[in-house]
Amino acid sequence: MFTLVKILLSALLIGLVTEIARRFPAYGGIIAALPLVSLLSIIWLYVQGEEKLHISKFALGVLWGFPATAVLLIIVYISLKHSIHLYISISLGIGGWLIFLMLQSRVIRYIKHVFLIS
């Protein structure tokens, strides 16, 4: 039952943001940029009784993913601005996202190795 409530509330929120974006694209984008999914996930994890350390690690994971998500959105924006088809733009964005995540991981490993951080 709780899972159904989570799904319905989350879907309602996404539908609301989509409707705002349809009527007011700039405001819809600003609202969509809010960490709504992250905050909802944190709330659902807390309500389900997850330990704060587990929720904290989740929040850190979201933070690590943020730069790559920014790259994805920049690629999609530039692609659409140059009249590239939506699905191709999204595919390019996802590719950029994956490449950035891999590079980010390598850079972090290198920094840890150089500074002997464990």
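Note that the structure is a prediction, hence the values are computed from the model and not measured.

### Side note on helix α3 (residues 36–47)
In a regular helix each residue adds 1.5 Å, so 12 residues correspond to 16 Å; α3 covers 16 Å between its end C-alpha atoms and thus fits that length. Here α3 has its buried residues at Ser38, Leu40, Trp44 and Leu45. Looking straight down α3, one finds that the buried residues subtend no more than 165 degrees of arc, so they occupy a single side. The elements touched by buried residues of α3 are α1 (2–23) and α4 (52–81).

### Some points on the pattern of salt bridges
Evaluated as defined, the whole model comprises 2 salt bridges. With a closest N to O distance of 2.5 Å, glutamate 19 and arginine 22 form a salt bridge. Note that glutamate 19 and arginine 22 are positioned in helix α1 at a spacing of 3 residues, about one turn of the helix. Judged by relative accessible area, glutamate 19 falls into the partly exposed class, the value being 30%. Of the charged contacts, one joins arginine 23 and glutamate 19 as a salt bridge, the two residues approaching to 3.1 Å between their closest N and O atoms.

### Concerning the side chain of serine 10
If you trace the backbone, serine 10 turns up in helix α1. Here the side chain of serine 10 touches lysine 6 through a polar contact of 2.8 Å, landing on its backbone oxygen.

### Re the packing of α3 against α4
α4 packs onto α3 with a crossing angle of 165 degrees between their chain directions and a minimal axis gap of 10 Å. In terms of orientation, α3 and α4 fall into the roughly antiparallel class. The element α3 and its partner α4 pack so that their crossing is right-handed. Counted together, Ser38, Ser41, Ile42, Leu45 and Tyr46 of α3 and His54, Ile55, Phe58, Ala59 and Val62 of α4 form the full contact between these two elements. Of the residues belonging to the contact of α3 with α4, the class tally is 7 nonpolar, 3 polar and no charged.

Reading the values: the criteria
Residues numbered from 1 in each chain as written. Predicted model: local features only at pLDDT ≥ 70, side-chain atom pairs only at ≥ 80, totals over all residues. Heavy atoms only, no water. Helix = DSSP H or I, 4+ residues; strand = E, 2+ residues; numbered from the N terminus. Expected span 1.5 Å × (residues − 1). Buried < 20%, exposed > 50% of the residue type's maximum accessible area, 1.4 Å probe, protein only. Arc of directions from axis to C-beta. Contact = heavy atoms within 4.5 Å. Salt bridge = Lys/Arg side-chain N within 4 Å of Asp/Glu carboxyl O. Polar contact = N/O pair within 3.5 Å; in protein donor to acceptor, adjacent residues only side chain to side chain. Axes fitted to C-alpha atoms, helices over the stretch in contact; angles between N-to-C directions. Parallel < 35°, antiparallel > 145°, perpendicular 65-115°, else oblique. Left-handed = near helix turned anticlockwise from the far one by under 90°. Nonpolar A, V, L, I, M, F, W, Y, C, P; charged D, E, K, R; others polar.

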